[in-house]
Amino acid sequence: MKYARAIAFATLAGITIIGSGCAVGRGQETAGAYIDDAAITTAVKAKFVEDKTVSAMSISVETLNGTVQLSGFAKSNAEKMQAENIARGVKNVKSVRNDIAIRP
């Protein structure tokens, strides 16, 4: 009886895993979209590190379906706008939402 339960449980678990496929979070439709978003986020952060006017440590980057959201703090409006311009220039970015606050 114990073995029958164990086999039934293992079968149910296997069906659940196979049925769910590659579960992607945050509302994305495919695993490919998730990977593309991760690549965009990485590219934006790398460009921030290369740029001397943008503080890569103070600005967070999140990407969902090609839309980049910037948040965090900037020292000036120029830094905020430069961060947005950099994000817009990255390949496969559809739009940019700039929620960066300017620190007084």
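Here, every reference points to the structure presented above.
Residues numbered from 1 in each chain as written. Predicted model: local features only at pLDDT ≥ 70, side-chain atom pairs only at ≥ 80, totals over all residues. Heavy atoms only, no water.

Engineer: It is not clear to me how the overall build of the protein chain should be interpreted in this structure. Could you clarify?
Structural biologist: Of the regular secondary structure elements, the protein chain holds three helices and three strands. Tracing the protein chain from N to C terminus, the helices and strands come up as α-α-β-β-α-β. The buried share of the protein chain, reckoned over its 104 residues, is 27%. Contacts in the protein chain between residues at least 24 apart in sequence constitute 57% of all its contacts with a sequence separation of at least 6. For the protein chain, the accessible surface area stands at approximately 7,200 Å², while carbon and sulfur atoms represent 61% of it. (Helix = DSSP H or I, 4+ residues; strand = E, 2+ residues; numbered from the N terminus. Buried < 20%, exposed > 50% of the residue type's maximum accessible area, 1.4 Å probe, protein only. Contact = heavy atoms within 4.5 Å. Areas by Shrake-Rupley, 256 points an atom, 1.4 Å probe, with all protein chains shown as cover.)

Engineer: Before we go on, may I ask you to explain the nonpolar core in this structure?
Structural biologist: For soluble globular proteins, the rule of thumb is that nonpolar side chains tend to be buried together. Ranked by internal contacts, the top residues of the largest apolar core, which has 17 residues, are V44, F48, I59, V68, L70 and A83. Elements that contribute at least two residues to this core include exactly α2 (31–50), β1 (59–64), β2 (67–74), α3 (77–88) and β3 (95–102). If sequence neighbours within four positions are ignored, A83 has contacts with F48, V54, I59, L70 and I100. (Core = buried A, V, L, I, M, F, W, Y, C linked by side-chain atoms within 4.5 Å.)

Engineer: Is there a simple way to explain the environment of T30 in this structure?
Structural biologist: Note on placement: T30 falls in the loop between α1 (2–20) and α2. Taking the relative accessible area as the measure of exposure, T30 reaches 41% and is therefore partly exposed. C-alpha of T30 to C-alpha of N65: the two residues are 35 residues apart in sequence and 9.9 Å apart in space.

Engineer: What should I look at first to understand α3 in this one?
Structural biologist: Working note: α-helix, 3.6 residues per turn, so residues spaced by three or four point in the same direction. Over its twelve residues, α3 extends 17 Å from the first C-alpha to the last, a length consistent with the 16 Å expected when each residue adds 1.5 Å. Listed as buried for α3 are E79, K80, A83, E84, I86 and A87. Here the buried residues of α3 occupy an arc of 160 degrees about the axis, which is enough to place them on one side. (Expected span 1.5 Å × (residues − 1). Arc of directions from axis to C-beta.)

Engineer: I keep staring at the pattern of salt bridges and nothing clicks. Help me out?
Structural biologist: Any two side chains of opposite charge can pair, so long as their charged atoms come close to each other. The full count for this structure, using the stated rule, is two salt bridges. The salt bridge partner of E84 is R88, with a shortest N-O separation of 2.7 Å. Of this pair, E84 and R88 both sit in helix α3, separated by four residues, roughly a single helical turn. Look at E84 and you get buried, because its relative accessible area is 12%. Here R97 makes a salt bridge to D99, at a shortest N to O gap of 3.1 Å. (Salt bridge = Lys/Arg side-chain N within 4 Å of Asp/Glu carboxyl O.)

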